[in-house]
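Chains, contacts and geometry: an overview
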Amino acid sequence: MSDTAPNSIKNIVIVGGGSAGWMTAAALSSLVSPNAIQITLIESDQIGTIGVGEATIPDVINFNTMLGISEQDFLRATNGTFKLGIEFVNWGKLGETYFHPFGTHGVDMQGIDFHQFWMRYRASNQDSVIEDFSLSALAAKTHKFAIPSNDPRSVLSQLRYAYHFDATAYARFLRDYAEQRGVKRVEGKVVSVGVNGENGFIERVSLDCGEDVSGDLFFDCSGFRALLLGQTLDIDFTDWSHWLPCDTAQTVACERSGPLLPYTKSTAKKAGWQWRIPTQSRTGNGHIYSSQMMGDDEAIDSLIRDLDGPALGAPRKIKFRTGHRTKFWEKNCIAIGLSSGFLEPLESTSLYLIQEGISKFISLFPSADMPASVQAEYNRQLGQKFEQVRDFLILHYKATERDDSPFWDYCRTMAIPDSLTQKIELFREAGRIFRYEDELFSKPSWIAVMLGQNIQPRSVDPIVGGLNDQEIIKSLNSMKAAMLGAAAKMPTHETFLKNYGWAGASTPTS
Ligand SMILES: Cc1cc2nc3c(=O)[nH]c(=O)nc-3n(C[C@H](O)[C@H](O)[C@H](O)COP(=O)(O)OP(=O)(O)OC[C@H]3O[C@@H](n4cnc5c(N)ncnc54)[C@H](O)[C@@H]3O)c2cc1C
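Residues numbered from 1 in each chain as written. Predicted model: local features only at pLDDT ≥ 70, side-chain atom pairs only at ≥ 80, totals over all residues. Heavy atoms only, no water.

Of note, Lys331 is a non-glycine position whose phi angle comes to about 55°, a positive value. Inspection of the secondary structure puts Lys331 in the loop between strand 19 (329–330) and strand 20 (333–335). Notably, Met370 is not glycine yet its phi reads approximately 50°, a positive angle. Looking at the element boundaries, Met370 is found in the loop between helix 9 (350–363) and helix 10 (372–398). Met370 gets classed as buried once you look at its relative accessible area, which sits at 3%. (Helix = DSSP H or I, 4+ residues; strand = E, 2+ residues; numbered from the N terminus. Buried < 20%, exposed > 50% of the residue type's maximum accessible area, 1.4 Å probe, protein only.)

Shown next as structure tokens:
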């Protein structure tokens, strides 16, 4: 991109150097020449970054690929591991576990979704769970990993993966990338923002050292503060805490123990849930809870009690608000990252929403006068992304049978958005799932959570209902055998990583 038209953008200013700021800087610097557009990123060591955000979804691979980053360099630089999905414990009922894998379940046949065949199969195989037909889930359970095959005839083509990594190291890695491509980094704290009295555009930010930084376009990547879009331009916040009532996290890393797991674990607790995220050198943990239903001391005790190894430091408390800004782009300011909104990390979607903010901006790259139509389209698309993720998260809370605490009583009985009610009812009727408008979560994801949390369809698709039982059983048995065979041949996750992208930062414990 090298547009030098009179009303083209010449100076972009990014306020904030967390994952959002450096992802934005890296992506833009990979596309624009510093001769055409100067990009300046301002960050404050004094304020620091949020420093959490260790689990991702497969889309992050596209982001790194777009930047031309080598996967092995990335894994070494960020202490990264592979993630094949999420294990959910105690969500549907106490004592129950299910797996939300990346990739597909089985193979669709005759244009009909696989799970319809599986529901027939289950009628005569009562113990069967759908994840027995997911290669990602089978590999995860045996701590195995392999890179997916590009050959659609290979069973390995059904694998999909994402990463766990150290988010602070990722921001550092992207900083090197962006600085090599001409991004100017300024260390300092923004103390005031200059706005044009006529058109309301941001003109400059002033730093505590007395320096002013001017720009045509400003990215607000200042985290929960939302310094530009929230504090300066006064854009309101849509609060979704009545649907997603957790508002506090206690986080702590612990020593790694046991095999290196290729999945995130999410355990539902009395008033929220706890994550376990393995990176190469340590395990990240956090207890997310509703502060109205649980006090900090109880939350910390519960977090520490359920660590896999000794804690590395004291727990850190993070307060958050669930929802998003009513606009993501206003005048010449775009919020990306926590400044734009936050949905709890239950399905590891925050970095994805950052990615979406960046890619939608690139697809709508404006002239310096910031046409209202462009802003409106960006706001529509981002708002829709947040709503789609929101519904998927609410499903986990709503579809519970737990009645052992006021928190779960609330979640089980709360009113939910109509869009989610419709999805659940369609599934309950005959197991049908539809994916709307470029929706992030695929059919297998919805199916994994619906079935995993005991939403049982009343009937199967009538076409599958009319097929011969024995043929379905034979076909699924051979599918399962092929998957088990493929998983058995994979190396362990740890062996694979050691030969591929091991940081060598510490000696693994197994
Ligand atoms: C509990 C929790 C768990 C999470 N887990 C995950 C996860 O598993 N997966 C995932 O994808 N995401 C996760 N996230 C989200 C993820 O952490 C963030 O989306 C991501 O790190 C982006 O943060 P950010 O860059 O927007 O903000 P921050 O990291 O807070 O960065 C803000 C930046 O702005 C700068 N700044 C602020 N004010 C000023 C000022 N006045 N002057 C100059 N600079 C300023 C700061 O110095 C900093 O550089 C989690 C978030 C929370 C709260």
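Turning our eyes to something else, we now look at the packing of aromatic side chains. Counted under the stated rule, the structure contains 33 aromatic pairs. For the pair Trp329 and Phe361, a centre-to-centre distance of 5.9 Å together with 50° between the ring planes defines the contact as tilted. Taken as a pair, Trp329 in strand 19 and Phe361 in helix 9 lie far apart in primary sequence, 32 residues in all. Given the relative accessible area of 0%, Trp329 is considered buried. The class for Phe361 is buried, based on a relative accessible area of 1%. Between the aromatic rings of Trp329 and Tyr378, the centroid separation amounts to 5.3 Å while the plane-to-plane angle is 75°, which identifies the pairing as edge-to-face. (Phe/Tyr/Trp six-rings, centres within 6.5 Å; stacked < 30°, edge-to-face > 60°.)

All right, on to the environment of Asp308 then. With respect to the helices and strands, Asp308 occurs in the loop between helix 8 (296–305) and strand 17 (316–319). Judged by its relative accessible area of 36%, Asp308 is partly exposed. In this structure the C-alpha to C-alpha distance between Asp308 and Gly258, which are 50 residues apart in sequence, comes to 8.6 Å. Here Asp308 is in contact with Cys254, Ser257 and Arg276, once residues within four sequence places are set aside. A distance of 3.2 Å separates polar atoms of two side chains, one belonging to Asp308 and the other to Arg276. (Contact = heavy atoms within 4.5 Å. Polar contact = N/O pair within 3.5 Å; in protein donor to acceptor, adjacent residues only side chain to side chain.)

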